[in-house]
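For reference, the chains in residue letters:
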Amino acid sequence: MSRLANVFTFGGIDERPSRLRRLMGMSLGLIYLFYPVSEVTNGTVSGALAVWWMGALAVFVAVYLAVVLGPRDMDHHPRWMFPLLGVVTVMAAVFPLIFRNPSWLTLAVYMVVVFAMGLPPRRALLGIAAMAGLVVAEGKIMGADDGTVWALVLQIITLGVLFVSVRNTRVLVVQLRQAQSEVARLAATEERLRIARDLHDLLGHSLSLIVLKSELARRLGEQGSPKAAGEVSDIESVARQALAQVREAVSGYRRRRLSEEIDGARSSLGVVGVTLTVRTRGTPLPEDLDGLFAWAVREATTNVVRHSRATRCDIDVAYGEEGAVLEIADNGGGAYEPGNGLTGLGERVRAAGGSLEIEGGKRGFRVRVAVPPPLDRTPEMIADRLGE
């Protein structure tokens, strides 16, 4: 029966067997043609009638094969496919009446399978019911044995319902595969966005520092100061560190630490003459919050280096029963506009269940990150929220 399913499936279903395999399976499905053919082979039908008999049967098989082996997607069939379906349906209904022989009633079985596999379930069930009623009516007209007629009706209903179920199952399989493909595509897109966000955060800070040190090295070089060589060496060190960080971020192994970012901020701010003051209160931060605050420190100090005319920057970290708070403020008067870095930071903070406040003006720039209890959020939970 599974081979027969491959034969008759042509309606919008993920059918992987080739047309050759479907044609091979067709030989099993044509078993119902044994009944009209046997009428000729055993001599019941002979002469000119036998010629017409076999000719009509050959035409039915040819048209039926054209329908079955045609394009599989019913929604994208060429226009000629629907007339063929109508022709083969008419032949299945008319031939039993023309030849007045119950053996032709078996043609209805083929139409039931075509309807079940090629039409939507509701229309398919209507077609199955129509074929069953047609067999009963034509059987009565021809005086066929009631047992034979009802046995054929039972087969029609059974095969029809079976193949409708097969088609529905395969449609669900196709939808599942499409859903899996969409999930994979969205996951890849989200991963690209994550990498882009991480690279922006990493390179924005490092490249800003490289630009500043390059300008300082140029000025020192123009003055003939021996400190220029030291600045060039620092540029090389920062570039190598940025390259290593990018590799770690792309590989997914980077675990940002708040203490490391504070040290990096102290170094980069010192280059532009900004004094950094750090105050901490409470117990050490959990790993996920430590990483979140590290990103905030990096992004905020990058903005100070790029845009600020500040001379002082304060970092205040507090962690206790009331939650965790990070505040970074400077006394600069530069103009601040939210960019990709601050947008990405906001996404991270919201994923951790916290809030981000950004204030900028003549009195300086302030970034405040607050994460309320509970604080036992795992990195997996934060990743899931970022994915949303």
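Every value quoted in this text rests on a predicted model; they were computed, and no experiment measured them.

Enquirer: Any chance you could explain the packing of aromatic side chains here in plain terms?
Expert: When we look at a pair of aromatic rings, we describe it by the centre distance and by the angle of the planes. Within the structure shown, the criterion is met by eight aromatic pairs. Ring centres of Tyr-64 and Tyr-110 lie 5.3 Å apart, and the angle between their planes is 70°; on these two criteria the pair is classed as edge-to-face. With a gap of 46 residues between them, Tyr-64 in helix 4 (residues 47–68) and Tyr-110 in helix 6 (residues 107–118) connect regions that are remote in the sequence. Relative accessible area serves as the criterion here: at 1%, Tyr-64 is assigned to the buried category. An angle of 15° between the planes, with centres 4.8 Å apart, marks the rings of Phe-99 and Trp-104 as stacked. With a relative accessible area of 15%, Phe-99 lands in the buried category.

Enquirer: Would you explain helix 7 (residues 121–142) in this entry?
Expert: An α-helical turn contains 3.6 residues, so a residue and the one three or four places further along point in the same direction. Relative to the 32 Å expected for 22 residues at 1.5 Å per residue, helix 7 spans 31 Å between its end C-alpha atoms, a close match to the ideal helical length. Within the sequence span of helix 7, burial applies to Ala-124, Gly-127, Ile-128, Met-131, Ala-132, Val-135, Glu-138, Gly-139 and Met-142. Down the axis, helix 7 shows its buried residues gathered within 140° of arc, on one side only. Among the exposed residues of helix 7, those oriented more than 90 degrees off its buried face are Arg-122, Arg-123, Leu-126, Ala-129 and Lys-140. Looking one or two residues past helix 7, Gly-143 carries a phi angle of roughly 70°, positive in sign.

Enquirer: Whenever I open this one, the pairing of strand 2 (residues 312–320) confuses me. Can you help?
Expert: Moving residue by residue along a regular strand, the side chains alternate between the two faces of the sheet. In terms of residue burial, strand 2 counts as a mostly covered element, since seven of its nine residues are buried. Sheet topology note: the strand 1 (residues 275–282)/strand 2 ladder contains eight bridges and is parallel. Bridge pairing in strand 2 places Thr-280 opposite Val-317. The sheet contact formed by strand 2 and strand 3 (residues 323–330) spans eight bridges and is antiparallel. Bridged to Gly-320 within strand 3 is Gly-323. Count of turn residues in the strand 2/strand 3 antiparallel hairpin: two residues.

Enquirer: What should I look at first to understand the side chain of Asn-101 in this one?
Expert: Looking at the element boundaries, Asn-101 is found in the loop between helix 5 (81–99) and helix 6. Note on Asn-101: relative accessible area 12%, which makes it buried. Engagement of the side chain of Asn-101 in a polar contact is seen with the side chain of Ser-103, the distance being 2.8 Å. Excluding anything up to four places from it in sequence, Asn-101 contacts Glu-39, Trp-53, Pro-96 and Met-142.

Enquirer: What is the right way to read the environment of Met-111 from this model?
Expert: Looking at where Met-111 falls in the secondary structure, it is placed in helix 6. Using a relative accessible area of 0% as the deciding quantity, one classes Met-111 as buried. Along the primary structure Met-111 and Ile-156 are separated by 45 residues, whereas in three dimensions their C-alpha atoms are 9.3 Å apart. For Met-111, the residues in contact, after removing those within four places along its chain, are Phe-60, Leu-85, Val-88, Thr-89, Ala-92 and Met-131.

Enquirer: I keep staring at the sheet that holds strand 5 (residues 364–371) and nothing clicks. Help me out?
Expert: Within a beta sheet, neighbouring strands are joined by backbone hydrogen bonds and run either parallel or antiparallel to one another. Taken together, the five strands give an open sheet; going across it, the order is 1-2-3-5-4, and neighbouring strands pair in mixed fashion. Edge positions in the open sheet fall to strand 1 and strand 4 (355–361), since each of these has one partner strand only. Ignoring strand direction, the axes of neighbouring strands in this sheet form an average angle of 5°. Packed onto the sheet, helix 11 (residues 287–307) meets strand 2, strand 3 and strand 5 and runs at close to 10° relative to strand 3.

So, how was this worked out
- Residues numbered from 1 in each chain as written.
- Predicted model: local features only at pLDDT ≥ 70, side-chain atom pairs only at ≥ 80, totals over all residues.
- Heavy atoms only, no water.
- Phe/Tyr/Trp six-rings, centres within 6.5 Å; stacked < 30°, edge-to-face > 60°.
- Helix = DSSP H or I, 4+ residues; strand = E, 2+ residues; numbered from the N terminus.
- Buried < 20%, exposed > 50% of the residue type's maximum accessible area, 1.4 Å probe, protein only.
- Expected span 1.5 Å × (residues − 1).
- Arc of directions from axis to C-beta.
- Pairing = 2+ DSSP bridges.
- Polar contact = N/O pair within 3.5 Å; in protein donor to acceptor, adjacent residues only side chain to side chain.
- Contact = heavy atoms within 4.5 Å.
- Axes fitted to C-alpha atoms, helices over the stretch in contact; angles between N-to-C directions.

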